Amino acid sequence: MKFLSHRLLIFTFCSLLAACSTTQPGAGGSRVGFTESGKASFYADLHQNRKTASGELYQHGLKTAAHRTLAFGSSVRVTNIQNGKSVVVKINDRGPFVRGRIIDLSKSAFSSIGNTRSGLIDVKIEVIR
């Protein structure tokens, strides 16, 4: 009986541990080609040097972004629908958590495809790696 209760305890622990896993569906590149359209925003200055969900520090000058579901390390081409300019960013954070927004870009990435004074731009994103 003791053996059975220990096995049940170990099984429950492993199940809970697996449920808390941060591995994303599609990790390892299986989402290459995935596209999405919507609004992009950029990180406010107060986020500079703060830790992202991936553990990296946020830096305005790097071409990085936050997405709700794409795997950390994914390379994503972000294209401004209005002017056709694009930038490739690395996903290293989670967000945005505002309805209607699909991606938060670093200030550097945002300014390379649009004017930061606008605050939001319409974009199409495509996972390329």
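See the structure above.
Residues numbered from 1 in each chain as written. Predicted model: local features only at pLDDT ≥ 70, side-chain atom pairs only at ≥ 80, totals over all residues. Heavy atoms only, no water.

Asks: I tried to follow the packing of aromatic side chains on my own but got confused; where do I start?
Replies: The geometry of an aromatic ring pair comes down to the distance between the two centres and the angle between the two planes. Counting across every chain of the model gives two aromatic pairs. Centre to centre, the rings of F42 and F110 are 4.8 Å apart; their planes meet at 50 degrees, and the pair counts as tilted. Of this pair, F42 sits in strand β1 (residues 35–42) while F110 is found in helix α2 (residues 107–113), placing the two residues 68 residues apart along the sequence. Ring centres of Y43 and Y58 lie 4.4 Å apart, and the angle between their planes is 25 degrees; this geometry places the pair in the stacked category. With a gap of 15 residues between them, Y43 in the loop between β1 and β2 (64–66) and Y58 in the loop between β1 and β2 connect regions that are remote in the sequence. There is no split in this pair, since Y43 and Y58 are both buried. Over the ring of F34 we find R31; its NZ or CZ atom is 4.4 Å from the centre of that ring. (Phe/Tyr/Trp six-rings, centres within 6.5 Å; stacked < 30°, edge-to-face > 60°. Helix = DSSP H or I, 4+ residues; strand = E, 2+ residues; numbered from the N terminus. Buried < 20%, exposed > 50% of the residue type's maximum accessible area, 1.4 Å probe, protein only. Lys NZ or Arg CZ within 6 Å of the ring centre and 35° of its normal.)

Asks: What is the right way to read the environment of A65 from this model?
Replies: Checked against the element boundaries, A65 lands in strand β2. Residue class for A65 comes out buried when judged on its relative accessible area of 0%. When the C-alpha atoms of A65 and F110 are compared, they prove to be 9.5 Å apart, with 45 residues separating the residues in sequence. Other than its neighbours up to four places away in sequence, A65 contacts Y43, V89, K90, I91, N92, D93, I103, D104 and L105. (Contact = heavy atoms within 4.5 Å.)

Asks: Just checking my understanding: could you explain the pairing of strand β4 (residues 86–93) for this structure?
Replies: Side-chain direction in a regular strand flips from residue to residue, so the side chains alternate between the two faces of the sheet. Judged from the three bridges that link them, β2 and β4 form a sheet pairing that is parallel. When the bridges of β4 are listed, A66 appears paired with D93. Here five bridges tie strand β3 (residues 75–80) to β4, and the two strands are oriented antiparallel to one another. If you follow V78 over to β4, its bridge partner there is V87. Here β3 folds back onto β4, and the loop between the two strands holds five residues, one of which, G84, carries a positive phi near 80 degrees. (Pairing = 2+ DSSP bridges.)

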